[in-house]
Amino acid sequence: MKYTTWFFCGVLIFCGLCAAVYALSGFDLLLFLCAGNPFVFRAVLSFAGLGALWLLFWLIAFRPTKFLS
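Remember, predicted model here, so these are calculated numbers, not experimental data.

Draft legend 1. Geometry of the packing of aromatic side chains. Within the structure shown, the criterion is met by five aromatic pairs. With centroids separated by 5.4 Å and ring planes inclined at 55°, the aromatic side chains of Phe-7 and Phe-8 adopt a geometry described as tilted. Take Phe-7: its relative accessible area is 46%, and that puts it in the partly exposed class. For Phe-8, a relative accessible area of 8% gives the class buried. With a centroid separation of 5.5 Å and an interplanar angle of 55°, the aromatic rings of Phe-27 and Phe-32 are classed as tilted. Take Phe-27: its relative accessible area is 40%, and that puts it in the partly exposed class. By relative accessible area, Phe-32 is classed as exposed at 54%.

Reading the values: rules and limits
- Residues numbered from 1 in each chain as written.
- Predicted model: local features only at pLDDT ≥ 70, side-chain atom pairs only at ≥ 80, totals over all residues.
- Heavy atoms only, no water.
- Phe/Tyr/Trp six-rings, centres within 6.5 Å; stacked < 30°, edge-to-face > 60°.
- Buried < 20%, exposed > 50% of the residue type's maximum accessible area, 1.4 Å probe, protein only.

Note that all results are geometric; they support no functional claim without further evidence.
See below:
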């Protein structure tokens, strides 16, 4: 469970950095790293969506911020 959370956090950070490069420069880094293959590009984006759903579940189920208040 811990490794899954770390993996999906890494995927989301990577996709966020690629999106920031695209927003600031207009160069699509993720598409470049996927060698222009639309199937690989969509697979990486689907991993990002799956990672967002996993982290939403993790935040609801385990409430890591419950003891901060």
